[in-house]
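Next come the chains, spelled out residue by residue.
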Amino acid sequence: MNIKTIGELKKSGYQSKSIKDELRENLISKMMSKETVFKGIHGYENTVIPELERAILSKHNINLLGLRGQAKTRLARLMVNLLDEYIPVVEGSEINDDPLNPISRFAIEMIKEKGDETPIFWLHRSERFAEKLATPDVTVADIIGDVDPIKAANLKLSYADDRVIHYGMIPRANRCIFVINELPDLQARIQVALFNILQEGDIQIRGFKLRLPLDMQFVFTANPEDYTNRGSIVTPLKDRIGSQILTHYPEDIETAKTITQQEANKASSQKDFIQIPELAKDLLEQIVFEARESEYIDAKSGVSARLSITAFENLLSTAERRALLSGEGKTMIRLSDFDGIIPAITGKVELVYEGEQEGAQVVAENLIKNAIKTLFPTYFPEIKKLERQEAETPYDAIISWFFNTDEDFELLDDYTEEKYKAELDKVKPLTDFVKQYQPNINESDVYFMKEFVLWALVEFKKLSKYRFAEGTQFKDPYGNFISGL
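Caption draft 1: Main features of the packing of helix 14 (residues 278-293) against helix 22 (residues 446-459). Look at helix 14 against helix 22: their axes get within 9 Å of each other, and the N-to-C directions meet at 45 degrees. Considered as vectors, helix 14 and helix 22 are oriented oblique to each other. Here L279, A280 and L283 of helix 14 lie close against helix 22, whose contacting residues are F448, M449 and F452. For the contact of helix 14 with helix 22, a count of residues per class yields 6 nonpolar, no polar and no charged.

Caption draft 2: Focus on the confidence of the model for the chain. On average, residues of the chain score 88 in pLDDT, and 91% of them are at 70 or above. Mean pLDDT per element in the chain: helix 23 (residues 479-483) is the minimum at 48, and helix 3 (residues 48-57) is the maximum at 97.

Caption draft 3: Up close: the sheet that holds strand 14 (residues 471-475). Pairing in this open sheet of 3 strands is antiparallel, and the strands run 12-14-13 from one edge to the other. For this open sheet the edge positions go to strand 12 (409-412) and strand 13 (464-468), each flanked by a neighbour on one side alone. Direction aside, the axes of adjacent strands within the sheet are offset by 20 degrees on average. One ladder, built from 5 bridges, connects strand 13 with strand 14; its direction is antiparallel. Bridge assignment links S464 to a residue of strand 14, and that residue is K475.

Caption draft 4: A look at the packing of helix 21 (residues 428-437) against helix 22. Two elements in contact, helix 21 and helix 22, have axes whose closest approach is 10 Å; the angle formed by their N-to-C orientations is 110 degrees. Judged on the interaxial angle alone, helix 22 and helix 21 are roughly perpendicular. Between helix 21, through L430, T431, F433 and V434, and helix 22, the contact on the second element is made entirely by M449, K450, V453 and L454.

Caption draft 5: How the structure looks around the sheet that holds strand 4 (residues 129-133). On the basis of which strands lie adjacent, the open sheet formed by 5 strands has the order 4-7-8-1-9 and parallel pairing. Across the chains shown, the open sheet's two edge strands, defined by having one partner strand only, are strand 4 and strand 9 (243-246). Neighbour to neighbour, the strand axes of the sheet diverge by 20 degrees on average, direction disregarded. Here strand 1 (residues 62-65) runs beside strand 9; their pairing, made up of 4 bridges, is parallel. What sits directly across from I62, in strand 9, is S243. Strands strand 1 and strand 9 of the sheet are contacted by helix 3, whose axis makes an angle of about 170 degrees with strand 9.

Caption draft 6: Spotlight on unusual backbone geometry. Even without being glycine, K34 reaches a positive phi, approximately 60 degrees. As for its placement among the helices and strands, K34 is situated in the loop between helix 2 (19-32) and helix 3. By relative accessible area, K34 is classed as exposed at 73%. With a phi angle near 65 degrees, K461 is a residue other than glycine that sits in the positive phi range.

Caption draft 7: Quick look at the pattern of salt bridges. Inspection of every chain in the model, using the stated rule, returns 24 salt bridges. Between E254 and K257 there is a salt bridge, with the nearest N and O atoms lying 3.3 Å from each other. In this pair, E254 and K257 both sit in helix 12 (residues 253-263), 3 residues apart, roughly one turn of the helix. For E254, a relative accessible area of 49% corresponds to the partly exposed category. A residue is classified by how much of its surface remains accessible, and K257, at 6% relative accessible area, is buried. One salt-bridge network, held together by shared partners, links E254, K257, E278, K281 and D282.

Caption draft 8: Inspection of the packing of aromatic side chains at higher detail. Counted under the stated rule, the structure contains 17 aromatic pairs. Cluster of aromatic residues (ring-pair linked, three or more members): F376, Y379, F380, Y395, F433, Y437, F452 and F460. The ring of Y249 carries the charged tip of R292 above its face, separated from the ring centre by 3.8 Å. Sitting over the ring of W455, K465 keeps its end group 4.3 Å from the ring centre.

Caption draft 9: Broad picture of the nonpolar core. Core analysis: the biggest nonpolar cluster contains 69 residues, and I333, F338 and F452 have the highest contact counts within it. By size, the runner-up hydrophobic cluster in this structure holds 34 residues, among which are A130, I143, A173 and F220.

Caption draft 10: Spatial organisation of helix 14. The terminal C-alpha atoms of helix 14 lie 23 Å apart, and with 16 residues this matches the ideal 22 Å at 1.5 Å per residue to within 8%. Of all 16 residues that make up helix 14, 13 are buried, and the element is covered over most of its length.

Caption draft 11: Broad picture of helix 3. Every buried residue of helix 3 is listed here: V48, I49, L52, E53, A55 and I56. End-on, the buried residues of helix 3 take up no more than an arc of 160 degrees, which puts them together on one face. Against the buried residues of helix 3 lie helix 2, strand 1, helix 4 (72-78) and strand 9. Two residues or fewer past helix 3, K59 is found with a positive phi of approximately 60 degrees.

Rules of the game
- Residues numbered from 1 in each chain as written.
- Predicted model: local features only at pLDDT ≥ 70, side-chain atom pairs only at ≥ 80, totals over all residues.
- Heavy atoms only, no water.
- Axes fitted to C-alpha atoms, helices over the stretch in contact; angles between N-to-C directions.
- Helix = DSSP H or I, 4+ residues; strand = E, 2+ residues; numbered from the N terminus.
- Parallel < 35°, antiparallel > 145°, perpendicular 65-115°, else oblique.
- Contact = heavy atoms within 4.5 Å.
- Nonpolar A, V, L, I, M, F, W, Y, C, P; charged D, E, K, R; others polar.
- pLDDT = per-residue confidence, 0-100.
- Pairing = 2+ DSSP bridges.
- Buried < 20%, exposed > 50% of the residue type's maximum accessible area, 1.4 Å probe, protein only.
- Salt bridge = Lys/Arg side-chain N within 4 Å of Asp/Glu carboxyl O.
- Phe/Tyr/Trp six-rings, centres within 6.5 Å; stacked < 30°, edge-to-face > 60°.
- Lys NZ or Arg CZ within 6 Å of the ring centre and 35° of its normal.
- Core = buried A, V, L, I, M, F, W, Y, C linked by side-chain atoms within 4.5 Å.
- Expected span 1.5 Å × (residues − 1).
- Arc of directions from axis to C-beta.

Okay, here's the thing in structure tokens:
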């Protein structure tokens, strides 16, 4: 960018255009060249993204409406990639004045004084994004502006002079994408202050007759209005927002897994020495799906995608801690490691009254159990609720082994990999069963699958399980009753 003055800019043939035109033209260009516009966004290919592209083509201000953890802010931030790489700005301007179309008193007077010698600088698109989280304490002065008495004193100006104005966040984001997160949390009187900006593009500060035709792309994010009692979007403001786009959670496990793997903060050391079975990843996502359907969890509040991300990080750290304590260089995820994700669940869900009565810990444990029950039939023969007493099932040999064994079968948390595998290998019918029904399973995932079968048989009342401080004990279905546990 060798152009340094307005004169040079005019000679270059530069044409001013609005930010909405920029977004529209660059989107058209990317669509025609089959480029992915919103990279890293998964599950929205046929729903949210087409609507967002239509809104940009229509040059609309946008409201992204959805529950927490649905990538609303990320979508807004990715719109920056649709801006021109650089735009010229009058040097010293507080509100990014276009050299060929200045709107502030400062820029107009400077151009009048210096003409074609007026200096300009080039603003990169990464700096053309402003964001404000709506909180109850936000004022009109914060986002639009106010009179600055210190400036008036220093410049020896009257309060009637518009040079005493201190611009707020929105004017300073002229020619930028401006995002207001959690719009319903903005007080109604502050929302009213946005009316003119959205409709006419000008701002009103105190008693000044000030018309600044700001060039802005607004993106708002909001949870559904019934999510909290903190507030709502006032109707006239809604009327001025061009497109309202509904976001949603991933609709299948594969998409959810892709998002989790992309977002989880996996330390390189963890990646190197922790084996993660595909079934473990599926189970983790199924837990989140169960949470969204649970009668104990407030559906209006939503279950954020951050739950699966933080739960996955906890899962890895549980395995890492075990390996560190046992001094092993490599380990794999075990089903018992899923106890380590409970803090990630309890901190991320809002319980309804019945859930509070049950207790957050119990609700989290039940989500893990329900996920196991849901996934089990996709890998192995279904266990029917009602069976004839004499009917043979594929699970009889495993259950008989537990009936006939004299020793306790325990999987302790501090078992080394070798000891853990040896313990599971004791149950010969379990090995044969997994080999029969999952013959193509990755060899390193076999032991997680074996433990998965045991946990599932417990949930279907074919075996019993007792959790104690050091680990887990599995018995025949009547074992706990007979032993009094």
